[in-house]
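Observations on the three-dimensional arrangement
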Amino acid sequence: MTTTPKLSINHLKVSVEGKPILNGIDLEIKGGEVHAIMGPNGTGKSTLAAALMGHPKYEVTDGQVLLDGQDLLEMEVDERARAGLFLAMQYPSEISGVTNADFLRSAINARRGEGNEVSLMKFIRELDQKMESLEIDQSFSTRYLNEGFSGGEKKRNEILQLMMLKPRIAILDEVDSGLDIDALKIVANGVNQLLSPEMGVMVITHYQRLLNYIEPHYVHVIMQGKIVKSGGPELAKRLEAEGYDWVKEELGIEDETVGQTK
Amino acid sequence: MMKTKEIDVTKLSEKNKEPKWLLEQRLTSLQESKDLPLPKLERTRITNWGFEDFHLDQDKVAHTELNRLPEDIHSFLTHEDNSHIIVQKNMQVVVAKSQGIEEQGVIFTDLNTAILQHEELVKPYLFSTLEGEKNKLFSLHKALWSGGIFLYVPRNRELKIPFQSLFWLKGKNMGMFPHVIVVAEENSRVELIANFVAEQDDRPSVNNAILEAFVGQNAQVRIATVNHMPQSVVDVIYRRAVVERDGKLEWIIGDFSEGRLISDNYTALKGEGGQVNVKAVTMGAGEMKANITSTVDHLARHTTSDILARSVMKNTASSILNSITKIEKGASKSNGQQSGKVLMLNPKARGDANPILLIDENDVIAGHAASVGRVDPMQIYYLMSRGITEEEAEKLIVYGFLGIVLSNIPSQSLKEQLDRIIERKFLQ
Ligand SMILES: Nc1ncnc2c1ncn2[C@@H]1O[C@H](COP(=O)(O)OP(=O)(O)OP(=O)(O)O)[C@@H](O)[C@H]1O
Ligand SMILES: [Mg+2]
């Protein structure tokens, strides 16, 4: 595919265990664009990411999502990934006995399809190079997938996968949480290496400090399962300086969370 | 089906030109087998498993060439080095070769031949690890054993090339009773591969095998053993070992039979500083039923053991995984670890892990981990989110689960053969 990637989210509504969480999200992300999604805890940011990826617990009750014109919601999770969607997860799973390298090679080959597998030499060369740029120790590739990884190591591993898989649309759910400033710079640098018209990015974060390194073109605020405010990079800076109260006041919102039983 | 008679036993013994004590041992055991009960197994009913429903293949079979073995059978031989091989078909050995070991004092023959040629050497070992244990299955074996292996390594000999043996059960309703003895004297080093197999589409009945290993002072022994019998077979394998002072034993066990399986592994750490590692892996599909026990008995100070058992159950297969670590009074400063885990892939698959620590001494370290679970849907989701199909994701998780054992298989080609067996089970 040589066309610019495009993810169109139209009026997406999602429930978890029968509770409505997302109440109509509209968003379009194109190749070359970085969209930051911000918002207080429990407002539906991860739910949006998980629903797009196809997490089994999240039920889409309304709306439509197109990736490059194809109906994303009709696809299985693995089909979505092979169509070019990637989600760096807030809490990635640990899988014992499966090495990072074996897992990555399976993932790459799954995209390339049978008969077109990546050569082992080429794979190792690329893996080594990406690990080096993320300042990841060589032993990483033979360690079991996320097993016993520290929080920061898990985040780096998500970015390593991103760099190896080169998706068309990347969603990063709080890749900055738990990282010290040096690690944050390395991770951001990894993402920036990939930035091009070939990839669109959705960055979910609470903090401006990540956005200092991965500069967004658009910033959206989610409250009560909806995008309540959108703007440019200056919006994130104001949120950092002043918090969310002014947004709530402006919009007359008292409780910004969603789906919580009080 | 037929019950074994005195005349069968006599015929077997005569054919092998056995000494009188051995014929008498066989006849006594046959008599005992009629009255003795079946072994009592944790949570497994075995009364209808058909341990006595078999025919004995008493016809003389000609020796054959390795390359004339059926592919299903041949694929269990390692391709790396085939210098020392014994292949048994039902009651008799059909391939026996070994090169350049005689001058080193090493013996590698079938057990019948060993008794003819080295009676005084073999006799003290034969059945010595089973003293005090009695049940119908042992007695049947003791009455009917034939073929088998005697591998003897004199002191200070270190052998690099593995000794291979293949026990091939062939033909409708046939039974097989191989008896394997490994003796590694002081400071010696040896590795044996012993596989018990039948062709996929064959319908034999009973494999009742016993393996006895004697690890001398400061000797190092590795035994890799795989069972892969088809659904028609009731497969019984008892593995027994004694480890002397500073001896080291490693068991690598693959229980892949498709029918009913009793796999019982026991090691006595008799001398100070003795060590044993037990790595046991099982995968069952279809209606497979298995009872798998790994026991280590610490009888001396400073002994170390580690049991790693993994079982994957698919379809309606079920397995009971018992791990038993005993530390006897006086075996101070010993360390006994065990971990037994069962992974179930279908709602109707069943599994149980019973961790048992029996500790009679205060000054020891012991630990156990046991779990029975299903594949975590979040793990599947995570793998799928990287483009891996659901089927492939499940396989990765299963291979990861079994990898702790599979990665220790000493031969690359044997490992590939196990991968093929596992692949086939995924299709079932
Ligand atoms: N798997 C789930 N099961 C039950 N409730 C859930 C689940 N996932 C999300 N929710 C609920 O949906 C609401 C939104 O959660 P979500 O994780 O999307 O918030 P968030 O904006 O990502 O928060 P944070 O900033 O803390 O990560 C919360 O009330 C949460 O409890
Ligand atoms: Mg979140």
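Higher on the page you've got the structure.
Think of each chain on its own: its residues are numbered from 1, step by step along the sequence as written. Throughout, the order in which chains and ligands are written sets their labels, letters from A for the former and numbers from 1 for the latter. Per-residue local features are limited, in this predicted model, to residues with pLDDT of at least 70; the limit for side-chain atom pairs, both in listing and counting, is 80 or more; totals at the level of whole chains, interfaces and linings are taken over all residues. Values shown for side chains rest on all heavy atoms present in the structure; no hydrogens or waters enter the calculation.

Take the interface of chain B and chain A next. Whether two residues touch is decided by their heavy atoms; if any such pair falls within 4.5 Å, the residues are in contact. Each side of the interface is counted separately: chain B has 16 residues, and chain A has 31 residues. Two parts placed together each lose some accessible area under a 1.4 Å probe, and adding up what both lose gives the buried area. For the pairing of chain B and chain A, the buried interface totals around 1900 Å² over both sides, and the portion due to carbon and sulfur atoms is 67%. When the buried area of chain B at its contact with chain A is split by residue, B:Y381, B:Y382 and B:R386 rank highest and sum to 42% of it. Note on definitions: salt bridges are taken to be side-chain nitrogens of Lys or Arg within 4 Å of carboxyl oxygens of Asp or Glu. Run the count over chain B and chain A and you get one salt bridge. Its salt-bridge partner being B:R386, residue A:E158 comes within 2.6 Å of it at the nearest N-O pair. Note on conventions: DSSP H or I runs of at least 4 residues are helices, E runs of at least 2 residues are strands, and numbering of each starts at the N terminus. Mapped by element, the contributors of at least two residues to the side of chain B that touches chain A are α7 (377-384) and α8 (390-406) of chain B. Among the residues forming the side of chain B that touches chain A, the class breakdown is nine nonpolar, five polar and two charged. Each residue is assigned to one of three groups, with Ala, Val, Leu, Ile, Met, Phe, Trp, Tyr, Cys and Pro labelled nonpolar, Asp, Glu, Lys and Arg labelled charged, and all others, Gly among them, labelled polar.

Residue and element names in this part refer to chain B. Take S188: it is sitting in the loop between β7 (179-184) and β8 (189-197). Using a relative accessible area of 2% as the deciding quantity, one classes S188 as buried. Polar side-chain contacts of S188 include one of 2.6 Å to the backbone oxygen of E185. Contact partners of S188, with chain neighbours within four places excluded, come to V153, P154, N156, R157, N218, A219 and Q220. Whether a residue is buried, partly exposed or exposed follows from its accessible area with a 1.4 Å probe, protein chains only, as a fraction of its type maximum: under 20%, in between, or over 50%, in that order. Each polar contact in these results corresponds to two N or O atoms within 3.5 Å; when the atoms are within protein, one needs to be able to donate a hydrogen and the other to accept it, and residues that are neighboring in sequence are counted only if both atoms are side-chain atoms.

Time to look at the layout of surface pockets. As defined here, a cavity is a set of points on a 1 Å grid over the protein atoms alone where a 1.4 Å probe fits but cannot get out. A pocket is an open set with protein on both sides within 12 Å along at least five of seven lines, and residues line them when an atom is within 4 Å of a point. Grid points are joined across faces, edges and corners, and a volume is the space filled by probe spheres set on the points. The calculated volume of the largest pocket comes to roughly 940 Å³. Along the walls of the largest pocket sit 26 residues, with A:D102, A:S106, B:E392, B:L396 and B:Y399 positioned nearest its centre. If you list the elements that add at least two residues to the lining of the largest pocket, you get α3 (100-112) of chain A together with α8 and α9 (412-427) of chain B. The leading source of residues in the lining of the largest pocket is α8(B), at eight residues. In terms of residue class, the lining of the largest pocket is made up of eight nonpolar, nine polar and nine charged.

Once that is clear, we can look at the site of ligand 1. Residue and element names in this part refer to chain A. Definition of nearness: a residue and a molecule or strand are near each other if at least one heavy atom of the residue lies within 4 Å of the molecule or strand. Lining the immediate environment of ligand 1, one finds 18 residues, of which N41, K45, T47, Y58 and H206 sit closest. Between ligand 1 and V258, the relevant distance is 2.9 Å, taken from an oxygen atom to a main-chain nitrogen or oxygen of the residue. Each accessible area is a Shrake-Rupley result for a 1.4 Å probe, and residues are judged covered by the shown protein chains and nothing else. Here ligand 1 loses 77% of its free accessible area of 630 Å² to cover by the protein chains. Mapping ligand 1 onto the cavity grids shows that it belongs to the second largest pocket. For the shell around ligand 1, the secondary structure elements donating two or more residues are β2 (19-30) and α1 (45-53). Looking at the shell around ligand 1 element by element, the count peaks at three residues for α1. Class assignment for the residues of the shell around ligand 1 results in four nonpolar, nine polar and five charged. Any molecule with more than half of its atoms within 2 Å of a cavity's or pocket's grid points is regarded as sitting in that cavity or pocket.

In this section: the nonpolar core. By nonpolar core we mean a set of buried residues, namely Ala, Val, Leu, Ile, Met, Phe, Trp, Tyr and Cys, connected to one another through side-chain atoms within 4.5 Å. One finds A:I9, A:L52 and A:M202 to be the most contacted residues of the largest nonpolar core, which totals 114 residues. In terms of residues, this core owes the most to one element, α8(B), which gives eight residues. If we ignore the near neighbours within four places in the chain, the residues touching A:M202 are A:I9, A:L27, A:I29, A:H35, A:I37, A:L48, A:L52, A:A170, A:I171 and A:L172. Counting 55 residues, the second largest nonpolar core, distinct from the first, contains B:I149, B:L151, B:A184 and B:I253.

All names here are of chain B. Ring pairs shown here join Phe, Tyr and Trp side chains whose ring centres sit within 6.5 Å, with only the six-membered ring taken for Trp; geometry is labelled stacked below 30 degrees between planes, edge-to-face above 60, and tilted in between. Scanning the model with the defined rule gives ten aromatic pairs over all chains in all. Measuring from centroid to centroid gives 5.1 Å for F54 and F177, while their planes differ by 65°, and the two rings are edge-to-face. Taken together, the residues span a long stretch of sequence, with F54 in the loop between α2 (20-35) and α3 (71-74) and F177 in the loop between β6 (175-176) and β7 at a distance of 123 residues. A ring is scored as having a charge over it whenever the NZ atom of a lysine or the CZ atom of an arginine sits within 6 Å of its centre and within 35 degrees of its normal. In this arrangement the basic side chain of R26 is found over the ring face of W145, its NZ or CZ atom lying 4.6 Å from the centre. The ring of W21 is capped by K123, whose NZ or CZ atom sits 4.6 Å from the centre of that ring.

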